[in-house]
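# Structural description and commentary
In case you want the letters, here they are:
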Amino acid sequence: MTTPPKTEEKPAPNGSGSDPFLSVRDLHIRFSTEDGIVKAVDGLSFDLERGQTLGIVGESGSGKSVTNLAVLGLHNPKSTEITGEIHLEGQELTGAKEKTLEKLRGNKMAMIFQDALTALSPYYTVGRQIAEPFIKHTGASKREGRQRAIEMLTKVGIPQPTLRVDDYPHQFSGGMRQRAMIAMALVCNPELLIADEPTTALDVTVQAQILDLLKDLQQEFGSAIILITHDLGVVANTADDLLVMYAGRAVERGSVKEILTEPQHPYTWGLLSSMPRLSSDVSEALHPIPGSPPSLLNPPSGCAFNPRCGFTGEVGGTRCGDERPALAPGRAAACHLGSEQKQTLFTEQIKPRLG
Amino acid sequence: MLPFLLRRTFGAIITLVLLSAFTFFIFFSVGDPATLACGKNCTADNIALIHQNLGLDQPVPVQYWHFLVGIFAGRDFTLGHCSAPCFGYSFATKQDVWSTMIDRLPTTASLAIGGAVAFLVIGLGAGLLAAWKRGTLLDKTVTGASMVLSSVQIYILGPIVLGIFVYSGIMAAPKYVNLTSNPASWFMGLLIPWLVMSTIFTAQYTRMARSTMIEQLQEEHVRTAKAKGMPARYVFLRYAWRGSLIPIVTILGIDLSSLFGGAMITEYTFQLAGLGRLAIDSVKTLDLPMVMGVLIFSAALILVFNIIVDATYAFIDPRVRLS
């Protein structure tokens, strides 16, 4: 358990002495668009220690990727307003100078993008793209860069790396491209690795290989990993802690085991019920979450999940539509249901569905 | 690469034969060139004589065949031998078509090359600058100016520039001087035509460079380069610019082929004797051999530039295979 106690609304100083490796406090990200202000992330806090993996799950548009692009400082400052704090080993990243961020990106913190076909440049060889950040950050020569690229390709399991280093991304298969992408992110041994749906575009066998690879590399370098996904199956085997996001906010936080075995938030219940299980009867229907994610231009009042939630009646009154539930420190869910209610509802209604 | 070139060259030759045949037959449905060559006091005998001398008395397909053979093997006329490549003699000036075109080519080529350098340097430069400084006053100024200038036609801008700089005596009238004989006067003589001609192109290339760069800067692989910690300028020039080259080269190929085929309006506006004027004059006087010559020349240019552009794609984008 690496998520130390904290309150979401009031970022308290860390009581336990040393600062966490990555600490995000009360992060707000707003985009100005033609239609208005989009509150993509609305008050998010989390911590991450070295050697640990934090899974962030949620539907498309829940703010997962936006949060992590903000960590790397990749948003366009002209159209994005970012408030709150992001500390990497004590260094403030929100509002940091572009030059400072340039030195950190690809070096101390790196990102693996979702679709390696579009995320790698079609115009340069895989080797060159892997070597580039290494040469830039370590001052290595082109020759050394190329050697390093070959070394990295070997490490991520590309066959015949000395030949493939001169290939272009389109000459690689999907799984190899993703491996090359990982090699590129890891070339400077980053201490923080953000993997944005690294396996979504891949088939299941390759998916498992890539996740194993990430795990191995984490053990070797002791990096902290943020794993963004909408696939709970992926986090189950990979992550230590889990953050469930909905409409730009964290709705549930805890260790992977806690959340997968005893989820507390109706949205997490929905996510789990909508997953097909190998053990369940073929005739048994899946339980999708009704409705669709809210527009972040004009999010629902109160709890953002209330229009899709089947349990607002249990809370009583109009509390779910009026009052936004806070996320308590530690293992918690942002929901108005009482803890006994949650327990009862989960055991009686949800658990049987999960088989 | 070689099979590609051979295949495309073969295709280009077929296209040229079809195109020239089509033009040849169309021409004879328009009128009898002999009446023009004949002059004022024309008798039926004169016409018949001209027909005989120029080979116009033969059936049109036969005439076309002679024409085609002449290009590759040379041709004998009643008035003398015309060596390959023979496009015949002008009805209007009695000059050899091929050597007339060769005479006119340096003017047109100088105009095209100088103009292209001007609009590429200024246009692409301004476009890149605007994309780099997107949203700033500089960007808005450049975008606004290119919007206005892209609608100023040569025949409007030309006389205005002439009025301000030439008729007032500040600069000499534009004229073509051989580059090898006097580079300085070659440059000064063509400066005004270059700038006037390239104004519209400059504006168009500015807008194109700016918009493709902005599009490219939003590409995911450009973001990846940024996420690797590559400096902004490097990302801009190495990643985004590389992706912008394909659309720019495509348009450049079309523009260059039309410029080398003769900038008709520019040549008329500045009284320069290039291929463009030759084309217009020969059409006006129903000068069949000259029309055919100029037409085949500009068609061949378009085909050649197309092949060059397609071959260039393979160098820009490794995904393109020439097959």
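What counts and what doesn't
Residues numbered from 1 in each chain as written. Chains lettered and ligands numbered in written order. Predicted model: local features only at pLDDT ≥ 70, side-chain atom pairs only at ≥ 80, totals over all residues. Axes fitted to C-alpha atoms, helices over the stretch in contact; angles between N-to-C directions. Helix = DSSP H or I, 4+ residues; strand = E, 2+ residues; numbered from the N terminus. Left-handed = near helix turned anticlockwise from the far one by under 90°. Contact = placed C-beta atoms within 7 Å. Nonpolar A, V, L, I, M, F, W, Y, C, P; charged D, E, K, R; others polar. UniProt positions renumbered as here; feature names shortened; annotations may be inferred. Core = buried A, V, L, I, M, F, W, Y, C linked by C-beta atoms within 7 Å. Buried ≥ 20, exposed ≤ 12 C-beta atoms within 10 Å, placed from the backbone. Pairing = 2+ DSSP bridges. Domains from an automatic or database assignment.

Attention now moves to the packing of helix α7 (residues 154–166) of chain B against helix α8 (residues 183–217) of chain B. All names here are of chain B. Closest axis-to-axis distance for the α7/α8 pair is 10 Å, and the angle between their directions is 145°. In the crossing of α7 with α8, the sense of the turn from one axis to the other is right-handed. Contacts between α7 and α8 involve Ile154, Leu157, Gly158, Val161 and Phe165 from the first element and Ile192, Val196, Met197, Thr199 and Ile200 from the second. Of the residues contributing to the contact of α7 with α8, the split by class is eight nonpolar, two polar and no charged.

Attention shifts here to the UniProt feature "domain: ABC transporter" (unreviewed entry) in chain A. Mapped onto the present numbering, the UniProt feature "domain: ABC transporter" (unreviewed entry) falls at residues 24–272 of chain A. Across residues 24–272 of chain A, helical content stands at 41% and strand content at 27%; the span's end C-alpha atoms are separated by 27 Å.

Next up on the list: the nonpolar core. One finds Ala180, Met181, Ala183 and Val244 of chain A to be the most contacted residues of the largest nonpolar core, which totals 95 residues. It is helix α7 (residues 174–186) of chain A that contributes the most residues to this core, eight residues altogether. By size, the runner-up hydrophobic cluster in this structure holds 39 residues, among which are Ala130, Tyr205, Val235 and Trp241 of chain B.

All names here are of chain A. Of the two faces of strand β6 (residues 109–112), both are covered, the one formed by Met109 and Met111 as well as the one formed by Ala110 and Ile112. Relative to strand β7 (residues 192–196), β6 runs parallel, the two sharing four bridges. In the strand pairing of β7, methionine 111 is matched with isoleucine 194.

Across the eight residues of helix α11 (residues 266–273) of chain A, six count as buried, placing the element largely inside the fold. Looking at α11 of chain A, one finds that the buried residues are Pro266, Tyr267, Thr268, Trp269, Gly270 and Leu271 of chain A.

For the rest of this paragraph, the subject is the sheet that holds strand β10 (residues 249–255) of chain A. Within a sheet, adjacent strands bond to each other through the backbone by hydrogen bonds, running parallel or antiparallel. Residue and element names in this part refer to chain A. One open sheet accounts for seven strands, arranged β6-β7-β8-β3-β9-β10-β11; its pairing is mixed. At either end of the open sheet lies a strand with only one pairing partner, and these are β6 and β11 (332–333). Set on the sheet, α7 makes contact with β6 and β7; between it and β6 the angle comes to about 170°.

Right, let's talk about the interface of chain A and chain B for a bit. The interface of chain A with chain B comprises 24 residues on the first partner and 19 residues on the second. Those elements that place two or more of their residues in the side of chain A that touches chain B are α2 (98–104), α3 (116–119) and α4 (126–138) of chain A. Among the elements that make up the side of chain A that touches chain B, the one with the highest residue count is α4 of chain A (four residues). In the side of chain A that touches chain B, the residues fall into 11 nonpolar, six polar and seven charged.

A few words now on the domain arrangement of chain B. All names here are of chain B. Segmenting chain B into domains produces domain 1 (2–82) and domain 2 (102–316). Distance from the C-alpha centre of domain 1 to the C-alpha centre of domain 2: 34 Å. The partner domain 2 presents 11 residues to the 14 residues of domain 1 that form the contact. Of all elements in the fold, only α1 (2–30) and α2 (33–38) reach the threshold of two or more residues within the side of domain 1 that touches domain 2. Looking at the side of domain 1 that touches domain 2 element by element, the count peaks at 10 residues for α1.

Residue and element names in this part refer to chain B. Following the sequence through the fold, phenylalanine 25 ends up in helix α1. The class of phenylalanine 25 is partly exposed, set by 13 C-beta atoms lying within 10 Å. With 36 residues separating them in the primary sequence, phenylalanine 25 and proline 61 have C-alpha atoms 8.2 Å apart.

A word on the UniProt feature "domain: ABC transmembrane type-1" (unreviewed entry) in chain B. The feature "domain: ABC transmembrane type-1" (unreviewed entry), as given by UniProt, occupies residues 105–313 of chain B in the numbering adopted here. Along residues 105–313 of chain B, the helical share is 80% and the strand share 0%, with 28 Å between the first and last C-alpha atoms.

Further remarks concern the pairing of strand β9 (residues 241–246) of chain A. Looking down a regular strand, the side chains alternate between one sheet face and the other. All names here are of chain A. For β9, the buried fraction is high: six of the six residues fall into the buried class. With burial as the criterion, each face of β9 is covered, one bearing Asp241, Leu243 and Met245 and the other bearing Leu242, Val244 and Tyr246. One ladder, built from six bridges, connects β9 with β10; its direction is antiparallel. Residue tyrosine 246 lies in a different strand from β10, and its bridge partner there is arginine 249. A loop of two residues connects β9 with β10, the two strands running antiparallel in sequence, and alanine 247 in this loop sits at a positive phi of about 50°.

A separate point is the sheet that holds strand β1 (residues 22–33) of chain A. Residue and element names in this part refer to chain A. Ordered in space as β2-β1-β4-β5, the four strands form an open sheet in which the pairing is antiparallel. Of all the strands in the sheet, the pair left with one neighbour each is β2 (36–48) and β5 (91–92). The sheet contact formed by strand β4 (residues 80–88) and β5 spans two bridges and is antiparallel. Opposite leucine 88, over in β5, you have glutamine 91 as the bridge partner.

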